[in-house]
Amino acid sequence: MAESPLVGIIMGSTSDWETMRHAADALDALGVPHEVKVVSAHRTPKRLYDYAESAVERGLKVVIAGAGGAAHLPGMAASMTRLPVLGVPVQSKALDGMDSLLSIVQMPGGVPVGTLAIGKAGATNAGLMAAAILATADDALAERLDAWRAKQTDSVAHEPE
Ligand code: RP5
């Protein structure tokens, strides 16, 4: 039987997957069980409500939410669960992701969303940060994360080729 997911990756549209797959890749690399769902704050509000309301009881520990444009998904998810929510601003066509970034980062005090960078870097870092949060209570994962970071350090050339 597959392990129960500890991280929930949600996104506002299937068009966000090209970005959000990098969060899933980071979690895969570190052996963190996760699930991936399309949940739109605007188009499927009931699905969002059900997802956020049941996240704790289903055993999730961290939610990664990516959305673009008027990106309400991370904030709305955070309003309905006490789990840490990491928001990934997806690069939008009209405003290059500045709209997504500002929509996600400017939460009013009281409902936090940990906002990452726009696009692929943000999605990758959301996966790594979710793993880092889980690693505070999981020694085996902490070792895998240390090894991943050491490998990254070793891969940096001293001089350009
Ligand atoms: C947002 O609208 C989604 O998160 C996506 O980034 C953006 C565009 O969605 P589609 O029109 O491609 O479905 O809700």
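All of these numbers come straight from a predicted model, not from anything done at the bench. (Residues numbered from 1 in each chain as written. Predicted model: local features only at pLDDT ≥ 70, side-chain atom pairs only at ≥ 80, totals over all residues.)

A. Layout of the UniProt feature "domain: PurE" (unreviewed entry) in the protein. On the UniProt side, "domain: PurE" (unreviewed entry) is annotated at positions that read residues 5-156 here. Segment residues 5-156 splits into 46% helix and 16% strand. End C-alpha atoms: 32 Å apart. (UniProt positions renumbered as here; feature names shortened; annotations may be inferred. Helix = DSSP H or I, 4+ residues; strand = E, 2+ residues; numbered from the N terminus.)

B. Representation of the packing of helix H1 (residues 17-29) against helix H5 (residues 120-135). Between H1 and H5, the shortest axis-to-axis distance is 7 Å and the interhelical angle comes to 30 degrees. It follows from the interaxial angle that H1 and H5 lie roughly parallel. Viewed along their axes, H1 and H5 form a crossing whose handedness is right-handed. Contacts between H1 and H5 involve Thr-19, Met-20, His-22, Ala-23, Ala-24, Asp-25, Ala-26 and Leu-27 from the first element and Lys-120, Ala-123, Thr-124, Ala-126, Gly-127, Leu-128, Ala-130 and Ala-131 from the second. Of the residues belonging to the contact of H1 with H5, the class tally is ten nonpolar, four polar and two charged. (Axes fitted to C-alpha atoms, helices over the stretch in contact; angles between N-to-C directions. Parallel < 35°, antiparallel > 145°, perpendicular 65-115°, else oblique. Left-handed = near helix turned anticlockwise from the far one by under 90°. Contact = placed C-beta atoms within 7 Å. Nonpolar A, V, L, I, M, F, W, Y, C, P; charged D, E, K, R; others polar.)

C. Looking closely at the nonpolar core. Ranked by internal contacts, the top residues of the largest apolar core, which has 42 residues, are Ile-64 and Ala-77. The set of elements that each furnish at least two residues to this core consists of strand S1 (7-11), H1, helix H2 (45-54), strand S3 (62-68), helix H3 (73-79), strand S4 (85-90), helix H4 (98-105) and H5. (Core = buried A, V, L, I, M, F, W, Y, C linked by C-beta atoms within 7 Å. Buried ≥ 20, exposed ≤ 12 C-beta atoms within 10 Å, placed from the backbone.)

D. Broad picture of the UniProt feature "binding site: substrate" (unreviewed entry) in the protein. Mapped onto the present numbering, the UniProt feature "binding site: substrate" (unreviewed entry) falls on Ser-13, Asp-16 and Arg-43. Spatially, the listed residues are clustered: although they cover 31 residues, their C-alpha atoms lie within 14.3 Å of one another. Once residues lying within four places of it in the same chain are set aside, the contact partners of Asp-16 are Met-11, Gly-66, Ala-67, Gly-68 and Val-90. Within the secondary structure, Arg-43 is located in the loop between strand S2 (34-38) and H2.

E. Quick look at the sheet that holds S1. Taking strand neighbours across the sheet as the criterion, the five strands line up as S2-S1-S3-S4-S5 in an open arrangement whose pairing is parallel. This sheet does not close on itself; its edge strands, each paired only once, are S2 and strand S5 (114-115). Two elements, S3 and S4, share six bridges in a ladder whose sense is parallel. Bridging across to S4, Val-63 finds its partner in Val-85. Sheet strands touched by H1: S1, S2, S3 and S4. Its angle to S1, the strand with the most contacts, is close to 170 degrees. (Pairing = 2+ DSSP bridges.)

F. Spatial organisation of the pairing of S1. Judged by how many residues are buried, S1 sits mostly within the fold: five of five residues are covered. Side chains Val-7, Ile-9 and Met-11 of S1 all project onto a buried face; the interleaved residues Gly-8 and Ile-10 project onto the opposite face, where all are buried too. Two elements, S1 and S2, share five bridges in a ladder whose sense is parallel. When the bridges of S2 are listed, Ile-10 appears paired with Lys-37. Of the strand pairs in this sheet, S1 and S3 are connected by five bridges, and their pairing is parallel.

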